[in-house]
Amino acid sequence: MKKILQWLKSPKSDFILFVIFLVLLNLAGHKAFLRFDLTAPKSYSLSKASKTVVKNLDAPLSIRVFFSDNLPSTYTSVSQYVKDILVEYKGAANKNFSVSYMDMSKPENEELARDLGIQQVQIQELKNNEVGLKSVYMGIAVAYGDNIEIMNPVQTSDGFEFNLTSKISQMISMADSLAGLGKDEKISLTLYLSEPLKWLGISGAEEADQIVRQAFDSVNKQNLGRLEYKLVSPDSADAAALSAKYGIQTITYQDSGVQKKAAIGLVLEHGEKIYALPLGVQRSFFGYAVAGLEDVENTINEGLQSLFSNTKAIGYITGHGEVDHTAADKAANFEKLISGMYELKDIDLNSEDIPAGMNAIIINGPKMDFTEEELYKVDQFLLRGGNVMLMLDGVVEAGKDQMYGITNFAQNDSNLERLLTKYGIERSKNMIMDKNCFKSLNNQYGELNYYWVPEIHKKYLAKKNVITNNLGSLYLLQSGSLNAAAAKENKNLKVTELAKTSEEAWAVSESIMLNPLMMTTPSDASEYAQYNLAVLLEGKFDSAFDEAPAGAASEDSSESAGELETSNYIKTSVMPGKLFVAGSSEITTSQVIDENGQSPVSMFLMNVVDYMNGNEDLCTMRTKSLSVNNLTIKTPVAVSFWKLLNQYGLAVLVALVGLLVWRLRTARRRAINKKYNPDDTRTISK
């Protein structure tokens, strides 16, 4: 023992003790580690919503990561991000959460990936100064109970946490819904396929039943055996009725000179809920074929999720020339993006009230006046704690110019500003142009400036609001200006200016022609200013009405009897409400809203919808990794300077520091030599 203690005290034990210390430190770090997320949007930290989901898992949920090794550098960061964020999930989850990383060099794992539906993707690779294609695995399988969902491919870190948490939530909701069904309760999957379609030469009609049945077996196995399948062959008399009931496709054909109808469709049905899956006959180069059989298993799974989704209804006001939310070239993409959690319900305020259980409405681009009773309904809805999203254009289209064929614009005289004025927002009937705008290069004309598409840089977005704090920039096209100065004076309201133009913007209210070749910037500097394009008001509002309008008053007093009179009119808010106002309805159209919701404007609007419906956590989660800190450099000389500084600045700085250190050491040696032996001609070399 004495020898051991002596050895421990001697320098001989230092190395061994150091190794033991490292081993113990690694063991401790494996169990209890500390990480710091220094990114501005907290990209590597889980949001509260994600933590809540995985912390309360009632059944085992496993995640298998199928990522190939040796990914090109472009995608290495994605792979590393997925690993890092899954570590965060694991740390926040309970014992039912597990993650495994599959070694894709093993053939059995490749076979497993294929069985799960994860296919290789081709990505570009730069190797030996040549650009080539490489096939890799970049997929994830999420299993909860018997249900398996696939995320493939995962090629970007943007929105990864949002997508994964949403998928987990949907799987849990689906499992809970299925578990809540009665013992003998089933979900019906019916293939409607008229027999004549098989001998009309339609490709795939003969095999449709077998393909759907195989997909049904797989889906049914994943969903606790809660589905039942049947094939129905409707005759000509039933085809039209089924089409009217389920919205399935009908096909008209001639049989012995007699016109008849056939039907084809795939329908999920449970109780009063019906979901028609996309299945129908399409004409191709080679003739007619049944479309929708290619990935019918996934289609059935998506249909089940839609059938049992707990979407929240949002009122969509109609009847005043609003933007059509069902038209592909209008706001259909916007509706599709929010359809996972919300359902737009058309409301005609002229004939119906806003349902009592609804907590948000959208008024998108009205061009005609509201009646007093309609304005009153919106006003009272807001004062009762409702949330209103209003996209109101400053100007509206007014035909085409006969000479140039360019759209003319006129002021939008919608009387909704009566409400806005009372709430403290002044709307101008103009369109805002900005030097800081979308630009494109044209082979003939060079750089073109689209002044009516202002680029709202990060520094002009509200930094402390979850709707915009992670966004890098926005394009808010064809916007009118908003002034919330009066609202700021109301102590009961919290005013957030969500998006502003640059200081080099100007307002145009007449002779607006959106042609980059015909537009010039103001020569007078006094015409430039900064404008608000989107504002958010929260708190308690004062009513825009002194009393209920005559029509509304009669409805309010409908319960009057004898000498008694009742009134539902309220003068000030009884519950805090939210009012979002944007100066353009064009931001909800397909011009800037893509199908996948990846554009910044898409993120902005989805965040607004979530915020207005109390889902603030989703805003931060959705926009992680999106923040781009663009440089705001205006001159070419400055651009070149910062470019060179980024390329060579660090190397030059290191060289200068080295030179400075060398000179300081030389000076020090000379100083020592001069102080202690000035007559010694020898020099200190080290």
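Up top is the structure.
What you see is a predicted model; the values in this text were computed from it and never measured. (Residues numbered from 1 in each chain as written. Predicted model: local features only at pLDDT ≥ 70, side-chain atom pairs only at ≥ 80, totals over all residues. Heavy atoms only, no water.)

## Some remarks on the pattern of salt bridges
Heads up, the rule is: A pairing counts as a salt bridge when a side-chain nitrogen of Lys or Arg comes within 4 Å of a carboxyl oxygen of Asp or Glu. Going along the chain from the N terminus, every DSSP run of H or I of four or more residues is numbered as a helix, and every run of E of two or more is numbered as a strand. In this scheme, a residue with accessible area under 20% of its type's maximum is buried, one over 50% is exposed, and one in between is partly exposed, where area comes from a 1.4 Å probe on protein chains only.
Across all of its chains, the model carries 15 salt bridges by this definition. In this structure, aspartate 209 engages arginine 213 in a salt bridge whose closest nitrogen and oxygen atoms are separated by 3.5 Å. Highlighted residues: aspartate 209 and arginine 213, both in helix H7 (residues 208-222), separated by four residues, approximately one helical turn. The exposure class assigned to arginine 213 is partly exposed, which follows from its relative accessible area of 37%. Linking glutamate 372 and arginine 418 is a salt bridge whose minimum nitrogen-to-oxygen distance equals 2.5 Å. Taken together, the positions of glutamate 372 in helix H11 (residues 372-383) and arginine 418 in helix H12 (residues 417-423) put the pair 46 residues apart, joining distant regions of the chain. By relative accessible area, which is 34% here, glutamate 372 ends up partly exposed. Each of the salt bridges in this network shares a partner with another, and the network as a whole consists of Asp413, Glu417, Arg427 and Lys429.

## Overview of the sheet that holds strand E2 (residues 97-101)
We apply this condition: Note on pairing: two strands pair once DSSP finds at least 2 bridges between them. Axis definition: a line fitted to C-alpha atoms, limited for helices to the stretch in contact. Angles are taken between N-to-C directions and run from 0 to 180 degrees.
Strand order in the open sheet formed by four strands is E2-E1-E5-E6, with mixed pairing between adjacent strands. Edge strands, defined here as strands with exactly one partner in the open sheet, are E2 and strand E6 (147-151). With direction set aside, neighbouring strand axes in the sheet form an average angle of 15°. Bridge count between strand E5 (residues 138-144) and E6: five bridges; the pairing is antiparallel. Looking at E6, one finds that alanine 143 is bridged to isoleucine 148.

## Quick notes on helix H8 (residues 236-246)
Three or four residues apart is the spacing at which side chains of an α-helix point the same way, because the helix has 3.6 residues per turn. For clarity, the threshold we go by: As used here, the arc belongs to the directions running from the helix axis to the C-beta atoms. Contacts are assigned to residue pairs that have any heavy atoms within 4.5 Å of one another.
Of the positions making up H8, those classed as buried are Ala239, Leu242 and Tyr246. Buried residues along H8 cover an arc of 75° about the axis, so they all sit on one side. Among the exposed residues of H8, those oriented more than 90 degrees off its buried face are Ala237 and Ala244. Check the buried side of H8 and you find it contacts strand E7 (187-193), strand E9 (249-255), strand E10 (258-270) and strand E11 (273-277). Of the residues one or two after H8, glycine 247 is the one with positive phi, at around 75°.

## Describing the packing of aromatic side chains
Counted only if it meets this: We call Phe, Tyr and Trp rings a pair once their centres come within 6.5 Å, taking the six-membered ring for Trp, and we label the pair stacked below 30 degrees between planes, edge-to-face above 60, and tilted otherwise. Distance and angle both matter: a charge sits over a ring if NZ of Lys or CZ of Arg is within 6 Å of the ring centre and within 35 degrees of the ring normal.
Tallied over the entire structure, the rule returns 16 aromatic pairs. Between tyrosine 376 and tyrosine 569, the aromatic rings sit 6.4 Å apart at their centres with planes inclined by 20°, giving stacked as the arrangement. Separated by 193 residues along the polypeptide, tyrosine 376 in helix H11 and tyrosine 569 in the loop between helix H14 (550-556) and strand E29 (577-582) bring together distant segments of the chain. We classify tyrosine 569 as buried; its relative accessible area is 19%. Seen from their ring centres, phenylalanine 438 and tyrosine 475 are 5.7 Å apart, and the 90° between their planes marks the pair as edge-to-face. Of this pair, phenylalanine 438 sits in strand E22 (residues 437-442) while tyrosine 475 sits in strand E24 (residues 473-475), placing them 37 residues apart in sequence. Since its relative accessible area comes to 28%, tyrosine 475 is described here as partly exposed. Chaining the aromatic ring pairs together yields one cluster made of Phe438, Tyr450, Trp452 and Tyr475. Against the face of phenylalanine 545 rests arginine 418, its NZ or CZ located 4.2 Å from the ring centre. Against the face of tryptophan 662 rests arginine 663, its NZ or CZ located 5.2 Å from the ring centre.

## Brief notes about the environment of isoleucine 123
One can find isoleucine 123 in strand E3 (residues 121-127). As a C-alpha pair, isoleucine 123 and leucine 46 span 77 residues in sequence and 29 Å in three-dimensional space. Among all residues touching isoleucine 123, those that are not within four sequence positions of it are Leu71, Pro72, Tyr75, Gly132, Leu133, Lys134, Val136 and Gln155.

## Points about the nonpolar core
Stated formally: We call a set of buried residues a nonpolar core when its members are Ala, Val, Leu, Ile, Met, Phe, Trp, Tyr or Cys and they connect through side-chain atoms within 4.5 Å of each other.
Formed by 59 residues in total, the largest nonpolar core has its most connected members in Met433, Phe580 and Phe604. In terms of residue count, the dominant contributor to this core is helix H15 (residues 600-612) (nine residues). If we skip the residues at most four places from it in the chain, phenylalanine 580 touches Val388, Met389, Leu390, Met391, Leu498, Ala534, Val535, Leu536, Phe604, Val608 and Met612. Leu382, Ile425, Ala484 and Ala487 belong to the second largest nonpolar core, which has 36 residues in total.

## Overview of the sheet that holds E24
Spatially, E22-E23-E24 is the arrangement adopted by the three strands of the open sheet, whose pairing is antiparallel. In this open sheet, the two edge strands, each paired with only one partner strand, are E22 and E24. The average undirected angle you get between the axes of adjacent strands in this sheet is 45°. As judged from the three bridges shared by strand E23 (residues 446-457) and E24, these two strands associate in the antiparallel manner. Note that in E24 the partner of histidine 457 across the bridge is serine 473.

## A few points about a negative patch on the surface
Note the threshold: Surface patches are defined over residues having more than 30% relative accessible area and no salt bridge, joining like charges when they lie within 9 Å and nonpolar side chains (Val, Leu, Ile, Met, Phe, Trp, Tyr) when within 5 Å. In these tables, accessible area is a Shrake-Rupley quantity obtained with a 1.4 Å probe, and a residue counts as shielded only by the protein chains included in the view. His is not counted here, nor are the chain ends, while Lys and Arg score as positive and Asp and Glu score as negative. Every charge is mapped to an atom, namely NZ of Lys, CZ of Arg, CG of Asp or CD of Glu.
On the surface, a cluster of negative charge is contributed by Asp69, Asp103, Glu108, Glu111 and Asp115. Looking at the secondary structure, you find glutamate 108 in helix H5 (residues 107-116).

## Considering the environment of valine 388
Tracing the chain through its elements places valine 388 in strand E17 (residues 387-391). Taking the C-alpha atoms as reference, valine 388 lies 9.9 Å from leucine 537; in sequence the two are 149 residues apart. Not counting residues within four places of it along the chain, the set of residues in contact with valine 388 comprises Ile361, Ile363, Phe381, Leu382, Lys578, Leu579, Phe580 and Met612.

## A look at the pairing of E7
Keep this limit in mind: For a crossover, the right-handed case is the one in which the path from the first strand over the helix to the second runs clockwise, viewed with the strands pointing away from the viewer.
Across the seven residues of E7, seven count as buried, placing the element largely inside the fold. Taken together, the six bridges between E7 and strand E8 (residues 227-232) define a ladder with parallel strand orientation. Following the sheet pairing, leucine 189 is matched in E8 by tyrosine 229. Taken together, E7, H7 and E8 constitute a β-α-β crossover, and its handedness is right-handed. Across six bridges, E7 lies against E10 in antiparallel orientation.

## A closer look at the packing of helix H6 (residues 160-179) against helix H9 (residues 296-308)
Cut-off, in case you're wondering: Orientation categories follow fixed angle ranges, with anything under 35 degrees roughly parallel, anything over 145 roughly antiparallel, 65 to 115 roughly perpendicular, and all other angles oblique. Ten residues, namely Ala, Val, Leu, Ile, Met, Phe, Trp, Tyr, Cys and Pro, are considered nonpolar, four, namely Asp, Glu, Lys and Arg, are considered charged, and the remaining ones, Gly among them, are considered polar.
It is at 10 Å that the axes of H6 and H9 come closest, and there the two elements cross at 70°. Here H6 is positioned roughly perpendicular relative to H9, judged by the angle of their axes. Here Gln170, Ser173, Met174, Ser177 and Leu178 of H6 lie close against H9, whose contacting residues are Leu304, Gln305 and Phe308. For the contact of H6 with H9, the residue count by class is four nonpolar, four polar and no charged.

## Some remarks on the packing of helix H3 (residues 48-55) against H6
For the record, the criterion: Handedness of a helix crossing follows the sense of rotation of the near helix relative to the far helix, less than a right angle counterclockwise being left-handed and clockwise being right-handed.
At their nearest, the axes of H3 and H6 sit 10 Å apart, and the two run at 35° to each other. In this structure, the crossing between H3 and H6 has a hand that is left-handed. For the pair H3 and H6, contact is made by Ser50, Val53 and Val54 and by Glu161, Thr165, Ile168, Ser169 and Ile172, respectively. Across the contact of H3 with H6, the residue classes tally to four nonpolar, three polar and one charged.

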